[in-house]
Amino acid sequence: MDFAVSIIEQGLIYGILALGVYITYKILDFPDLTVDGSFPLGAAITAALITRGVNPYFTLPLAFLSGAAAGVCTGFIHVKGKVRDLLSGIIMMTALWTINLYIAGTANVPLFSKDSIFKNELVDSVLPKSLKPYRTLLISFFLVVLCKVLLDLYLKTKSGYLLRAVGDNDVLVTSLAKEQGNVKILGLAIANGLTALAGCVFAQEERVFEISMGTGAIVIGLANVIIGTSIFRRVTFLKTTTAVLIGSVIYKACVAAALRNFEPQAMKLITAVLFLIILIISMERKGKVKGNA
Amino acid sequence: MLELRGIDKYYNPGTVNEMCLFQDFHLKLEKGEFLSVVGSNGSGKTSMLNIICGSIPIEKGQIFIGDKEITKEKEYKRNRRIGRVYQNPAMGTCPSMTILENMALADNKGKLYGLGPGTNKTRIGYYREQLAQLGLGLEDKLDVKVGSLSGGQRQAMALLMSVMTPIEFLILDEHTAALDPKTAELIMELTDKIVRDKKLTAVMVTHNLRYAMEYGNRLIMMHEGRIVLDKKNEEKQKMQMDDILKLFNEISIECGN
């Protein structure tokens with residue numbers, strides 16, 4: 001039971017990351033590797049703030065803003081510097097490694113004895129005793145749903161329409177008398193903001209900041225998005241954002257199941273192989289759809 | 001109204017492949033003119049449209065709208081008063097968004113894309129009305145994704161979307177070339193109606209000499225970056241298909257193809 005709860009918890013937290021990757025990969029069509037740096041950026045900011053005694057709830061908006069700033073930088077490099085999308089992300093990802101070290105102070109910051117968004121006086125006093133073991137689950141669920149609903153609402157605004165248009169057909173955005181570069185920068189800001197927010201929540205759940213925690217974040221995010229969107233391709237009543245969140249929990253469960261039979265060192269290999277399998281399966285499905293049409 | 005003055009345009013400047021397209025190119029368009037542009041491939045028709053819209057830079061010369069110089073104005077800013085329809089029907093619409101969302105997106109052109117609701121529900125009736133005049137039944141498919149429409153349906157939508165907000169210029173870049181003859185005819189008639197109703201100044205590049213003769217009140221033929229024929233109003237009406245074909249052939253023979 002504990003095992004299942006922890007899978008869902010982590011799946012949900014990675015779901016916030018997946019929402020970010022959904023924006024860059026699916027909406028903007030931008031392979032954004034900044035994610036590998038902005039995920040630990042959120043965690044580093046969180047570690048720095050919490051060790052200084054800041055209320056853990058303030059870390060959430062601040063982590064989002066820090067990630068958004070990283071996204072704006074990637075966007076600037078790509079749009080104004082005319083650097084290719086993939087390279088812009090790689091540059092920012094590399095730069096962020098050092099920045100994260102500066103922010104956190106060291107490569108490893110334990111947060112075990114500190115308050116977190118999951119464990120503090122407020123939560124202890126509000127939550128009934130019977131629900132205590134599920135507090136991380138409940139709070140992550142609330143946060144994820146909040147992010148999802150806000151993102152859904154945003155995508156229905158005029159600004160959201162323009163964001164969806166720019167990934168689809170940037171010529172049209174220019175025709176609508178809007179600078180398409182700025183729209184891309186905005187999209188990258190929101191995506192990396194969400195990613196850093198995921199890092200912030202993850203660090204508080206794990207109660208530690210690790211400089212290497214972002215390595216492979218993009219693979220996890222992509223896997224979540226691709227699983228979610230390909231499994232629920234034909235399910236029209238589910239929003240894509242919901243599908244992505246469910247995909248995130250499914251992926252976490254797959255990795256956890258695989259890890260039970262292997263040593264912990266095998267983690268990254270399993271992640272990569274699972275991702276490959278998912279890619280191949282989802283492509284096959286695409287092929288079939290075309291074959292029928 | 002719209003004027004190109006002394007335009008020089010080189011491709012690949014400074015390299016061995018340098019190619020001069022325009023040298024001291026002039027064109028003046030009056031308000032309300034509907035200009036058809038014909039010419040063989042590589043004669044500079046599309047480049048001229050790109051220069052008007054600011055999609056490509058020029059080496060020398062000035063572009064005016066009225067008395068205002070817009071040579072340095074960025075493409076997206078110029079587009080506030082310009083609507084453009086491309087040859088490729090996919091360029092004028094967003095495939096992953098619904099018909100309704102596309103219409104709403106175009107309806108907001110020139111205004112702020114802020115955090116207000118993307119689709120203004122009170123405008124849906126108007127969108128339906130606009131789509132209904134196409135006669136393609138799109139008004140009943142508002143929630144269908146544009147990506148699943150045919151090329152002709154998409155091009156019709158692209159045309160509607162480009163003239164949704166008050167614009168002054170309509171730029172048509174071989175906008176019927178990718179369509180079957182019947183759909184092309186429909187789109188062409190619709191274009192003519194819109195240009196008349198909205199009193200737009202229009203520039204249409206086309207390879208269809210019949211459209212160039214039938215529609216619009218001015219016709220130019222381009223060849224190697226120069227205007228070799230320029231007929232207006234009555235002069236244009238007096239022209240016969242044979243005249244223009246003859247000239248076209250002479251040019252082609254000169255080029256050896």
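Please read all numbers here as calculations on a predicted model, not as lab measurements.

A few words on a positive patch on the surface. A surface patch of like charges, here positive, comprises A:Lys80, A:Lys82, B:Lys74, B:Lys77 and B:Arg80. Note that A:Lys82 resides in the loop between α3 (56-79) and α4 (85-104). On the accessibility criterion, A:Lys82 (70% relative accessible area) is exposed.

Moving on: the packing of α3(A) against α4(A). If you want to describe how two helices pack, look at the angle between their axes and the distance between the axes. Residue and element names in this part refer to chain A. Packing of α3 against α4 leaves a shortest axis separation of 9 Å and a crossing angle of 140°. With respect to their mutual orientation, α3 and α4 come out oblique. Every pair of crossing elements has a handedness; the one defined by α3 and α4 is right-handed. Along the contact surface, α3 presents Ala-70, Cys-73, Thr-74, Ile-77 and His-78, while α4 presents Asp-85, Ser-88, Gly-89, Ile-91, Met-92 and Leu-96. Residues that form the contact of α3 with α4 fall into these classes: six nonpolar, four polar and one charged.

Moving on: the interface of chain A and chain B. Tallying the contact residues gives 19 residues for chain A and 31 residues for chain B. Counting the surface lost from both chain A and chain B, the interface buries some 2200 Å², and carbon and sulfur atoms represent 62% of this. Counting every contact that joins chain A to chain B gives 11 residue pairs in polar contact (both at pLDDT 80 or more). Contributions of two or more residues to the side of chain A that touches chain B are made by α7 (158-168) and α8 (170-175) of chain A. It is α7(A) that contributes the most residues to the side of chain A that touches chain B, seven residues altogether. Among the residues forming the side of chain A that touches chain B, the class breakdown is eight nonpolar, five polar and six charged.

The next subject is the sheet that holds strand β6 (residues 82-85) of chain B. Residues and elements named next belong to chain B. Taken in spatial order, the six strands make up an open sheet running β6-β7-β8-β3-β9-β10, and their pairing is mixed. Two strands bound the open sheet, and with one partner strand each, they are β6 and β10 (226-232). On average, adjacent strands in this sheet sit at an angle of 15° to one another, irrespective of strand direction. Here five bridges tie strand β3 (residues 34-39) to strand β9 (residues 218-223), and the two strands are oriented parallel to one another. Directly across from Gly-39, in β9, lies its bridge partner Met-222. Against the sheet, helix α1 (residues 45-53) touches β3, β6, β7 (169-173), β8 (201-205) and β9, its axis set at about 150° to β7.

What follows deals with the sheet that holds strand β1 (residues 2-11) of chain B. Residue and element names in this part refer to chain B. Pairing is antiparallel across the open sheet formed by four strands, whose spatial order is β2-β1-β4-β5. The sheet is open, and its two borders are formed by β2 (19-29) and β5 (68-69), each paired with just one other strand. Here strand β4 (residues 60-65) runs beside β5; their pairing, made up of two bridges, is antiparallel. By the bridge assignment, Phe-64 is partnered in β5 with Glu-69. Contacting β1, β2 and β4, α1 runs over the sheet at an angle of about 115° to β1.

Detailed reading of the predicted coordinates is not advisable wherever pLDDT is low. Residues and elements named next belong to chain B. Model confidence for chain B is summarised by a mean pLDDT of 89, while 98% of its residues fall at 70 or above. Ranking the elements of chain B by mean pLDDT puts helix α9 (residues 241-255) last with 76 and helix α3 (residues 99-107) first with 95. Scoring of the predicted complex yields 0.90 for pTM and 0.89 for ipTM.

All right, on to a nonpolar patch on the surface then. All names here are of chain A. A contiguous nonpolar patch, built from Phe-141, Phe-142, Val-145, Leu-146, Val-149, Leu-150 and Leu-153 and spanning about 660 Å² of accessible area, is present on the exposed surface. Topologically, Leu-146 is positioned in helix α6 (residues 135-155). Overall, Leu-146 belongs to the partly exposed group, its relative accessible area being 41%.

Take the pattern of salt bridges next. Residues and elements named next belong to chain B. Counted according to the given criterion, the structure contains 16 salt bridges over all chains. With a closest N to O distance of 3.0 Å, Glu-185 and Arg-210 form a salt bridge. Linking Glu-185 in helix α6 (residues 181-197) with Arg-210 in helix α7 (residues 209-214), this pair joins segments that are 25 residues apart in sequence. One salt-bridge network, held together by shared partners, links Glu-33, Arg-218, Asp-230 and Lys-232.

Looking now at the state of the cysteines. All names here are of chain A. Considering all chains together, one arrives at zero disulfides over all chains under this definition. Of all cysteine sulfurs, the one in Cys-200 lies closest to Cys-73, which takes part in no disulfide; the gap is 19 Å. In this structure Cys-73 comes out as partly exposed when scored by relative accessible area, which is 36%.

Rules and cut-offs
- Residues numbered from 1 in each chain as written.
- Chains lettered and ligands numbered in written order.
- Predicted model: local features only at pLDDT ≥ 70, side-chain atom pairs only at ≥ 80, totals over all residues.
- Heavy atoms only, no water.
- Patch = residues over 30% accessible without salt bridge, like charges linked within 9 Å, V, L, I, M, F, W, Y side chains within 5 Å.
- Areas by Shrake-Rupley, 256 points an atom, 1.4 Å probe, with all protein chains shown as cover.
- Salt bridge = Lys/Arg side-chain N within 4 Å of Asp/Glu carboxyl O.
- Lys, Arg positive; Asp, Glu negative; His and termini not counted.
- Charge placed at Lys NZ, Arg CZ, Asp CG, Glu CD.
- Helix = DSSP H or I, 4+ residues; strand = E, 2+ residues; numbered from the N terminus.
- Buried < 20%, exposed > 50% of the residue type's maximum accessible area, 1.4 Å probe, protein only.
- Axes fitted to C-alpha atoms, helices over the stretch in contact; angles between N-to-C directions.
- Parallel < 35°, antiparallel > 145°, perpendicular 65-115°, else oblique.
- Left-handed = near helix turned anticlockwise from the far one by under 90°.
- Contact = heavy atoms within 4.5 Å.
- Nonpolar A, V, L, I, M, F, W, Y, C, P; charged D, E, K, R; others polar.
- Buried area = accessible area lost by both parts, 1.4 Å probe.
- Polar contact = N/O pair within 3.5 Å; in protein donor to acceptor, adjacent residues only side chain to side chain.
- Pairing = 2+ DSSP bridges.
- pLDDT = per-residue confidence, 0-100.
- Disulfide = S-S within 2.5 Å.

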